[in-house]
Amino acid sequence: MLLHIKNWLNRNFPQNYVIRKPLTGALIISLVSLIFVLLYQPLGAHPGKFLGFELTMLAYVMAGGLLAFILVKGLKTIPFFSDEQEWTIFKELSAIILLLIGFGTAIYFAAFIIEEPADRWNFSTFFDSLKKASLIAIIPLGFFFLINVRYWFAAEQLWFASAPAEAEAKAEATEKEILITSQLKKEELWLFPSEFICAESEGNYVKFFLWKKGKVQKAVIRNSITNIEDQFAKIPYIVRTHRAFIVNLKKVTSRKGNALGYDLKLTGIENEIPVSRNKVKDFNRLFGQIS
C-alpha cells in the first residue's frame, strides 16, 4: 500500500501555470483574489486605517502576489523544484501548499501596516490569516491544477487498472532485456522493451525515455536515430514515427490528427510526439494490430 502511494506521488504531472510563469502567475493570483474580495467581501473584510475598502483590498492582494512571485522564483533555485520535466504530483502539491502559506504570511504582516493598531502578534491571528488567504488564493492555483489533472489522467488512464510495480515485475519476468549500444560501442543501455516509451534525436545523441519504478527516467547515448531504429527492428511495436522520434506503440494513450499527421500522447510524457505524414499509413497498420 505504501509503495503504491509513493509511486502515485512520484508520477509525472504538468507543472502549474502559476509556478511555470512566476510573474504572470503572481498577477493572476492578485487579480483573481481582488475580484473575489470586491464582489463578495468575504471573511469579514473591511477598510484599513488610511484607505477605503477597495484600496485596502488592492494593497492586501498586491502584498500577497509579490510574495508569491518571490517565493516561486526562490523555489526554482532549489534543485527539487527546478526541473519542469521532472515535475511530479508530490512536487505540485508541495509547491501549492508553500505558495498558500506564503500568500497568507504576506497578508498577515501587511495587516500591521494597513489595519488599525491591534493585538495581532499571536498564533491565533496568524493562522486565521493563513486560513482566509488560502481560501482565496486556492481559486487560481486550484483552477490550473484541475486543468492539468485531465492531462494526467489521460496519460495514466491505465494506472488504476493494476498495480504499477506488480505490472512491471510481471513484464520483466516474461521478457528479455535488450542491449542498445552506441556507434563507437563505448556506451550501452540495457532495457526491457516494456520500459521503453520513446526516443528522441538530439544532434549526435539520442535521448531515451523509460518507465522505471513508477516514473519516467532518461538516458542518453551518442548515436543516430536511424541506428537505434535498426537495433529495435525485431520489436514490431517499437517504430519510427518521425525523423526525430521512435515510439513504443503500447505506450500511446491518445492521438489526434488526420492523414497529414498525428500528435501522440504517451504514458508519462507531457509533450506530444509527432507522426509524420509519410509515416501515417504504417502507423495506422501497426497500431491497429496491437489495439
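So, how was this worked out
- Think of each chain on its own: its residues are numbered from 1, step by step along the sequence as written.
- Only residues with pLDDT of at least 70 are given local features in this predicted model, and only at 80 or more are side-chain atom pairs given and counted; all residues enter the totals for whole chains, interfaces and linings.
- The side-chain numbers reported here are obtained from all heavy atoms of the structure, hydrogens and water having been left aside.
- Residue exposure (1.4 Å probe, protein chains only): buried if accessible area is under 20% of the type maximum, exposed if over 50%, otherwise partly exposed.
- Under the scheme used here, helices are H or I runs from DSSP no shorter than 4 residues and strands are E runs no shorter than 2 residues, and both carry numbers assigned from the N terminus.
- Being paired, for any two strands, means DSSP has found at least two bridges between them.
- To obtain an axis, a line is fitted to C-alpha atoms, over the contacting stretch when the element is a helix, and the angle between two such axes runs from 0 to 180 degrees between their N-to-C directions.
- Relative orientations are named as follows: roughly parallel for angles under 35 degrees, roughly antiparallel for angles over 145 degrees, roughly perpendicular for angles from 65 to 115 degrees, and oblique for any other angle.
- Crossing chirality is assigned from the near helix's rotation relative to the far helix, an anticlockwise turn below a right angle marking it left-handed and a clockwise turn marking it right-handed.
- We call two residues in contact whenever any of their non-hydrogen atoms come within 4.5 Å of each other.

Looking at this structure, how should I read the pairing of strand β7 (residues 245–248)?
Side-chain positions along a regular strand alternate between the two faces of the sheet. Residue alternation in β7 divides its side chains into two sets, Phe245 and Val247 and Ile246 and Asn248, and both sets are buried. Pairing of strand β3 (residues 196–202) with β7 involves 3 bridges; the strand directions are antiparallel. Residue pairing across strands places Glu200 opposite Phe245, the latter belonging to β7. Inspection of the sheet shows strand β6 (residues 238–242) paired to β7 by 4 bridges, in the antiparallel sense. Paired with His242 across the strands is Phe245, a residue of β7. Linking β6 back to β7 in an antiparallel pair, the connection comprises 2 residues.

Help me understand the packing of helix α3 (residues 22–40) against helix α4 (residues 53–75), please; the structure alone is not making it clear to me.
The relative placement of two packed helices is expressed as an angle between their axes plus a distance between the axes. Taken N-terminus to C-terminus, the directions of α3 and α4 make an angle of 155 degrees; their axes are 8 Å apart at the nearest point. Relative to α4, the element α3 is oriented roughly antiparallel. The two elements α3 and α4 cross, and the hand of that crossing is right-handed. Contacts between α3 and α4 involve Pro22, Leu23, Ala26, Ile29, Ser30, Ser33, Leu34, Val37 and Leu38 from the former and Phe53, Glu54, Met57, Leu58, Val61, Met62, Gly65, Ala68, Phe69, Val72 and Lys73 from the latter.

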